[in-house]
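If you want the building blocks of each chain, they are given just below.
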There are 2 protein chains.
Amino acid sequence: MKNRLFFRTPYSLHSTETLDIDRHKRFMSSSSAIRLHYGFEKIDPTIEADLLAMPQEHKLFEKMQEIFDGKVVNTIHGYPSENRSVGHMKCRDPFDNFNQTEVKKAILFAKNCPYKHVVVVGIGGSNLGTEAIYVGLSNYSKKREIFFIANIDPRNTEDVLQHVELKQTLFIFCSKSGGTLEIQSNLELMKELYQKMGIEAKKHFVCVTTPKSPMDDSKTFSDIFYMEESVGGRYSVTSMIGVLPLALVYGEEVVTDFLKGAHATDQTLLEKDPKKNPALMDALLAYWNTAVLGAEGTLIAPYAYDLRRLTAHFQQLFMESNGKSVTKEGEFTLKRTQNIVFGGVLTNDQHSYYQAVHQGTFHLDMTVVGFCKSHSKVNIENDQTTLHQKLNANLLAQSIALATGLKTDNPNTTFIGNRSSRILMMESLNAFNLGALLAHFEGRTIFFGFLLGINSFDQEGVQLGKRLAKDVIEKMKSPKKDPLVEHIFNW
Amino acid sequence: MKNRLFFRTPYSLHSTETLDIDRHKRFMSSSSAIRLHYGFEKIDPTIEADLLAMPQEHKLFEKMQEIFDGKVVNTIHGYPSENRSVGHMKCRDPFDNFNQTEVKKAILFAKNCPYKHVVVVGIGGSNLGTEAIYVGLSNYSKKREIFFIANIDPRNTEDVLQHVELKQTLFIFCSKSGGTLEIQSNLELMKELYQKMGIEAKKHFVCVTTPKSPMDDSKTFSDIFYMEESVGGRYSVTSMIGVLPLALVYGEEVVTDFLKGAHATDQTLLEKDPKKNPALMDALLAYWNTAVLGAEGTLIAPYAYDLRRLTAHFQQLFMESNGKSVTKEGEFTLKRTQNIVFGGVLTNDQHSYYQAVHQGTFHLDMTVVGFCKSHSKVNIENDQTTLHQKLNANLLAQSIALATGLKTDNPNTTFIGNRSSRILMMESLNAFNLGALLAHFEGRTIFFGFLLGINSFDQEGVQLGKRLAKDVIEKMKSPKKDPLVEHIFNW
């Protein structure tokens with residue numbers, strides 16, 4: 001019987017064996033780069049057995065195999081759709097000619113680039129992932145700095161222009177379709193600025209787009225880097241969208257390691273045993289917490305200062321992929337799909353909204369991310385433990401506190417406990433591991449979409465707002481004042 | 001009868017009058033600085049009447065008056081508690097001697113400060129608000145830059161040290177209690193670094209703390225700035241915690257305007273008519289959406305690039321204040337309290353998780369923040385509208401799209417609609433208005449706490465994790481290896 005999970009009584013984390021080492025040794029899934037510890041989840045051997053049976057019952061491997069095989073899976077049965085294959089894993093496949101050619105080109109370009117600053121002009125999928133990895137690798141030395149223009153608010157552009165010298169700056173315009181309004185506006189603006197300085201703008205302009213898009217234009221751009229149509233924005237970090245900027249900042253070795261790490265995770269995704277396939281296990285647990293136990297939110301909690309922009313990327317990855325109401329069969333779903341994703345960086349967040357995580361009235365699907373070792377040179381030791389050990393002590397303490405709670409005579413200092421979390425550990429934060437981590441969460445997203453019966457690769461939900469924005473702009477232009485527009489925006 | 005709201009049928013935003021100008025003119029609450037438009041909420045005149053009656057029924061003004069009167073309101077009936085008054089509004093009260101003395105001292109100190117960089121060492125309430133306002137005022141010219149150390153992860157400190165020259169740097173150590181572990185660790189580290197350089201550290205160290213705390217020590221700090229015990233961390237932006245750094249960056253005029261703006265909002269909080277008290281109206285609508293309609297999340301959506309750090313602060317303000325399960329009467333509540341708060345900056349977020357906002361399976365209490373005018377110098381016009389107008393067109397288009405939805409023959413491109421939002425507008429983003437906005441959300445938080453029957457001023461939920469972290473640290477130090485600690489952290 002499918003969906004037995006809905007009949008199970010969740011394991012109570014108040015049970016005496018919650019902290020038993022045998023429980024934690026059993027409830028673990030690991031690949032060479034990633035260990036997923038799920039002893040703090042509300043599961044027992046019966047529930048785990050149900051979870052482990054799901055990949056076969058839901059044909060998860062067949063579906064993942066279709067993606068590897070380049071089948072057209074970005075579809076809704078019986079309705080028009082994007083009707084594409086899903087190509088992001090090819091971006092880091094060492095045997096893929098299209099992408100390997102671009103990677104080599106980007107690395108060579110980066111080596112010879114004469115400019116001091118890089119400005120990446122891109123929105124959503126062309127911004128959040130690149131920023132997350134750029135910041136995430138700060139432990140490596142930087143050849144240049146990146147600035148991001150991602151908002152139509154002119155203050156974004158103004159702010160970036162204050163920090164760069166135009167003569168010393170390379171602009172990378174990123175748009176898969178080549179038609180994004182915000183990118184075009186900024187392109188026109190920058191052209192004008194260079195013209196006023198008497199400098200040929202083209203020398204400072206490159207772009208990332210798909211072949212034959214409106215931006216595939218060698219009159220405007222001195223170099224053009226390609227991504228494939230089949231790579232969705234939120235999955236595009238390992239395409240030229242991320243690789244070109246990262247190569248300019250961190251150079252060949254770091255970028256190559258990063259891609260290798262992502263590829264290493266991809267190679268675990270068809271591993272049949274979920275205990276050796278952490279991305280799959282992570283998705284099964286997300287399903288248990290979200291679809292079965294009804295978690296209102298997904299908390300991603302990285303214990304690493306350098307990963308402070310990571311959750312903003314995962315928020316997009318998860319919510320844009322699976323925050324939908326219609327299944328691949330074209331039916332409105334009865335299940336809760338992707339809930340609200342949030343999280344910043346720890347330990348900061350412990351001093352902020354963790355009050356509500358411990359004592360609030362909602363339930364979370366919570367994944368903690370940590371590293372066993374630190375590369376920091378100021379990882380000083382005092383009172384017999386290093387700062388990084390203190391960081392990790394905080395990590396484990398939160399999972400224990402959430403699970404076990406605390407009964408006191410004062411209801412206000414009582415912790416109800418029985419709140420679940422899982423812990424994803426890696427050896428240390430380096431380029432290979434960050435690639436592996438990124439691909440882990442991409443894989444989790446895809447498996448989770450399979451379990452929900454959702455097409456994780458389109459994003460129709462952003463279209464209506466775009467169209468209505470054009471309508472409102474027309475109303476703003478019209479000499480006949482629109483009463484609602486006037487009412488809201490006149491002061 | 002109290003709580004009539006639970007019997008009401010929510011207004012359907014599918015109704016034909018949803019976009020009627022009369023509806024929007026009626027459903028509005030305004031002060032001189034703030035207009036709250038709530039015509040896109042699921043309310044009709046009956047529901048509005050219920051909401052408008054609640055302040056009297058729930059004695060909201062009496063409770064707010066107690067705060068202004070300095071009564072001890074930070075309590076739980078029948079149980080030990082922090083047992084304090086709530087003093088943050090005194091921080092911007094021009095007749096309050098204690099705070100005015102400190103403000104003058106900070107402004108004078110800032111004028112004479114010889115250093116080029118400022119590093120603020122503080123966590124949670126000593127970090128997020130200051131950062132939000134520091135970034136929020138970027139439109140003004142900066143005398144210096146601020147860097148923040150807010151994480152026990154040594155990478156945070158290492159990263160900041162790469163950006164500052166110690167000889168040119170002022171360190172502000174912020175801790176209300178004077179005993180925060182993370183602050184002390186960093187203090188020791190910086191002392192050592194200055195010692196190694198043969199420089200007297202004290203000349204570079206000042207602190208913000210309460211009188212007579214362990215940090216009130218003129219041997220360590222060349223200047224000490226005071227805040228009152230009654231000012232909670234998350235409410236402390238207008239205390240020396242925020243004022244000192246902001247004075248060092250933006251100078252007297254900007255800081256004075258900022259405080260005046262916050263005070264101006266405070267003066268509206270006792271206004272009996274909720275239609276002239278936007279903070280109160282905002283709280284009533286938060287109650288309607290959260291406690292009555294069961295929203296899983298609170299989305300704060302600022303359409304202003306400079307406000308990109310604001311929601312992280314409000315996430316703490318809301319969730320640490322009202323993310324609780326126990327009422328002021330010491331009873332476990334039956335209501336949903338503060339849910340998950342999230343949001344980044346728009347229009348970026350429209351290209352990210354808005355897929356799920358439009359087509360996902362959850363409901364939100366959503367407040368959009370916008371500005372009628374732009375100060376940007378690159379607010380260029382093309383095709384008859386400026387960039388800032390395009391930004392605002394996007395703002396309004398989202399509320400319309402969420403409310404009205406769109407029916408198509410394809411379920412995947414169908415928008416169910418009937419999703420609510422409200423729009424908070426101000427004239428422009430300046431220091432006065434940012435102060436007013438901050439105090440608006442502080443006021444909303446307090447009123448919302450009153451409605452939930454919660455003490456919004458303590459934070460017992462962060463204590464257990466802190467204590468257990470110390471236990472884990474002891475286990476890490478012990479020569480007898482702890483099996484769980486080894487299992488999770490050994491690689």
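Residues numbered from 1 in each chain as written. Chains lettered and ligands numbered in written order. Predicted model: local features only at pLDDT ≥ 70, side-chain atom pairs only at ≥ 80, totals over all residues. Heavy atoms only, no water.

(A) A look at the overall build of chain A. Broken down by element type, chain A carries 15 helices and 15 strands. Against the 2.2 N^0.38 benchmark of 23 Å for 491 residues, chain A shows a C-alpha radius of gyration of 24 Å, consistent with a compact globule. Per-residue burial over chain A gives 66% buried out of 491 residues. As presented, chain A carries roughly 17,000 Å² of accessible surface, and 50% of it is formed by carbon and sulfur atoms. In chain A, 55 positive and 55 negative side-chain charges are present, and the distance between their average locations comes to 1 Å. (Helix = DSSP H or I, 4+ residues; strand = E, 2+ residues; numbered from the N terminus. Rg over C-alpha atoms; globule rule 2.2 N^0.38 Å. Buried < 20%, exposed > 50% of the residue type's maximum accessible area, 1.4 Å probe, protein only. Areas by Shrake-Rupley, 256 points an atom, 1.4 Å probe, with all protein chains shown as cover. Lys, Arg positive; Asp, Glu negative; His and termini not counted. Charge placed at Lys NZ, Arg CZ, Asp CG, Glu CD.)

(B) Layout of the relation of the copies chain A and chain B. Overlay of chain A on chain B (RMSD 0.0 Å): rotation 180°, translation along the axis 0.0 Å. On the angle and the small slide along the axis, the relation comes out as a two-fold axis. When C-alpha positions in chain A are compared against the rotation axis, the closest is assigned to A:E296, at 3.0 Å. Taken together, the interface assignments show that 100% of the residues at the interface of chain A recur at the interface of chain B, consistent with an identical surface on both copies. (Least-squares fit on C-alpha atoms with pLDDT ≥ 70 in both. Contact = heavy atoms within 4.5 Å.)

(C) Region of the structure containing unusual backbone geometry. A cis amide bond links A:L346 to the next residue, A:T347, at an omega of 10°. Assignment of secondary structure puts A:T347 in the loop between β11 (340–342) and α11 (354–359).

(D) View of the pairing of strand β7 (residues 169–174) of chain B. All names here are of chain B. With respect to burial, β7 is a largely interior element, six of its six residues being buried. Residues T169, F171 and F173 point to one face of β7 and L170, I172 and C174 to the other, with burial holding for every one of them. Looking at chain direction, strand β5 (residues 117–121) and β7 are connected through five bridges and run parallel. Paired with V118 across the two strands is L170, which belongs to β7. Following the chain from β7 across helix α7 (residues 181–196) to the adjacent parallel strand β8 (residues 205–209), one finds a crossover that is right-handed. (Pairing = 2+ DSSP bridges. Right-handed = clockwise from strand over helix to strand, strands pointing away.)

(E) Spatial organisation of the confidence of the model for chain A. Per-residue confidence for chain A gives a mean pLDDT of 96, with 100% of residues at or over 70. Across the interfaces of the predicted complex, the ipTM metric reaches 0.97, alongside a pTM of 0.97. (pLDDT = per-residue confidence, 0-100.)

(F) Spotlight on the nonpolar core. Among the nonpolar cores identified, the biggest contains 278 residues, and A:L51, A:I172, B:L51 and B:I172 are the most heavily contacted of them. Those residues in contact with B:I172, other than ones at most four positions away along the chain, are B:V118, B:V119, B:V120, B:V121, B:V206, B:V208, B:L244, B:P245 and B:L248. Counting residues in each nonpolar core, the second largest holds 22 residues, with A:L161, A:L187, A:A201 and A:F221 among its members. (Core = buried A, V, L, I, M, F, W, Y, C linked by side-chain atoms within 4.5 Å.)

(G) Highlighting the packing of aromatic side chains. Enumeration according to the criterion identifies 36 aromatic pairs over all chains in this entry. Ring centres of A:Y353 and A:Y354 lie 5.5 Å apart, and the angle between their planes is 55°; on these two criteria the pair is classed as tilted. A:Y353 gets classed as buried once you look at its relative accessible area, which sits at 0%. Ring plane angle 75° and centroid distance 5.3 Å describe the contact between B:F109 and B:F225, whose orientation is recorded as edge-to-face. One end of the pair, B:F109, is in helix α4 (residues 97–112); the other, B:F225, is in strand β9 (residues 223–226), with 116 residues separating them in the sequence. (Phe/Tyr/Trp six-rings, centres within 6.5 Å; stacked < 30°, edge-to-face > 60°.)

(H) Just the environment of A:V160, in detail. Residue and element names in this part refer to chain A. Summarising the element assignment, V160 is placed in helix α6 (residues 154–163). The class for V160 is buried, based on a relative accessible area of 3%. Sequence spacing of V160 and I146 is 14 residues, and the spatial spacing of their C-alpha atoms is 9.8 Å. Apart from residues no more than four positions distant in its own chain, V160 is found in contact with V119, F147, F148 and I149.

(I) Highlighting the pattern of salt bridges. Residue and element names in this part refer to chain A. Tallying each qualifying case throughout the model produces 53 salt bridges over all chains. As a salt-bridge pair, R4 and D50 come within 3.0 Å of each other at their nearest N and O atoms. Residue R4 is located in the segment before α1 (21–26), and its partner D50 is located in helix α2 (residues 45–57); the two are separated by 46 residues in the primary sequence. Accessibility classification places R4 together with D50 in one group, the buried group. Taking the shortest distance from any N to any O, the salt bridge between E82 and R84 comes out at 3.3 Å. (Salt bridge = Lys/Arg side-chain N within 4 Å of Asp/Glu carboxyl O.)

(J) View of the interface of chain A and chain B. Each partner contributes to the interface: chain A provides 138 residues, whereas chain B provides 138 residues. Here chain A packs against chain B, burying approximately 12,100 Å² in sum over the two surfaces, 65% of which is carbon and sulfur. Here chain A and chain B share nine salt bridges between them. One can count 53 residue pairs in polar contact (both at pLDDT 80 or more) joining chain A with chain B. Here the side of chain A that touches chain B takes 14 residues from helix α12 (residues 387–404) of chain A, the largest share from any one element. Considering only residue class, the side of chain A that touches chain B consists of 60 nonpolar, 53 polar and 25 charged. (Buried area = accessible area lost by both parts, 1.4 Å probe. Polar contact = N/O pair within 3.5 Å; in protein donor to acceptor, adjacent residues only side chain to side chain. Nonpolar A, V, L, I, M, F, W, Y, C, P; charged D, E, K, R; others polar.)

(K) Layout of the pairing of strand β7 (residues 169–174) of chain A. Relative to strand β8 (residues 205–209) of chain A, β7(A) runs parallel, the two being bridged by four bridges. What sits directly across from A:F171, in β8(A), is A:F205.

(L) A look at the sheet that holds β8(A). Residue and element names in this part refer to chain A. Spatially, five strands are ordered β6-β5-β7-β8-β9 in an open sheet, and the strand pairing comes out parallel. With partners counted over all chains shown, the strands left at the sheet margins are β6 (145–149) and β9 (223–226), one partner each. Looking at each pair of strands side by side, their axes are set apart by 20° on average, direction ignored. Both β8 and β9 contribute to a ladder of four bridges, which runs parallel. (Axes fitted to C-alpha atoms, helices over the stretch in contact; angles between N-to-C directions.)

(M) Representation of the side chain of A:S376 in the model. Along the chain, A:S376 turns up in the loop between β12 (364–371) and β13 (381–382). In this structure the side chain of A:S376 is engaged in a polar contact, spanning 3.1 Å, whose partner is the backbone nitrogen of A:V378. A distance of 3.3 Å separates polar atoms of two side chains, one belonging to A:S376 and the other to B:E158. Contacts of A:S376, omitting those with residues within four sequence positions, involve B:P154, B:R155 and B:E158.

(N) Focus on helix α5 (residues 128–136) of chain B. Residues and elements named next belong to chain B. Counting buried residues in α5 gives nine out of nine residues, a clear majority hidden from the surface. Among the residues of α5, L128, G129, T130, E131, A132, I133, Y134, V135 and G136 are the ones counted as buried. The inward-facing, buried residues of α5 abut β6 (145–149), α8 (240–266), α10 (310–322) and α13 (431–452).

(O) How the structure looks around the environment of A:H14. Residues and elements named next belong to chain A. Checked against the element boundaries, H14 lands in the segment before α1. Of the residues examined, H14 reaches a relative accessible area of 45% and is grouped as partly exposed. C-alpha separation for the pair H14 and R419, spaced 405 residues apart in sequence, amounts to 9.3 Å. In this view, H14 contacts A403, T404, I416, G417 and N418; residues no more than four positions away in its chain are not counted.

(P) Highlighting the packing of helix α9 (residues 278–292) of chain B against α13(B). Residue and element names in this part refer to chain B. It is the contact of α9 with α13, at a shortest axis distance of 8 Å, that shows an interaxial angle of 50°. Relative to α13, the element α9 is oriented oblique. Seen along the crossing, α9 lies across α13 with a hand that is right-handed. Here P278, A279, L280, D282, A283, L284, A286, Y287 and T290 of α9 come into contact with α13, specifically with H440, F441, G443, R444, F447, F448, L451 and L452. Tallied by class, residues from the contact of α9 with α13 come to 12 nonpolar, three polar and two charged. (Parallel < 35°, antiparallel > 145°, perpendicular 65-115°, else oblique. Left-handed = near helix turned anticlockwise from the far one by under 90°.)

(Q) View of the sheet that holds β11(A). All names here are of chain A. Judged by pairing direction, the sheet is mixed, and its six strands sit side by side in the order β1-β2-β15-β12-β10-β11 without closing on themselves. Here the strands that pair on one side only, and so sit at the sheet edges, are β1 (28–30) and β11. Each neighbouring strand pair of the sheet contributes to a mean axis angle of 15°, computed without reference to strand direction. Pairing between β12 and strand β15 (residues 422–426): five bridges, direction parallel. Following the sheet pairing, V368 is matched in β15 by I423. Running at roughly 150° to β12, helix α9 (residues 278–292) makes contact with β1, β2 (35–37), β12 and β15 of the sheet.

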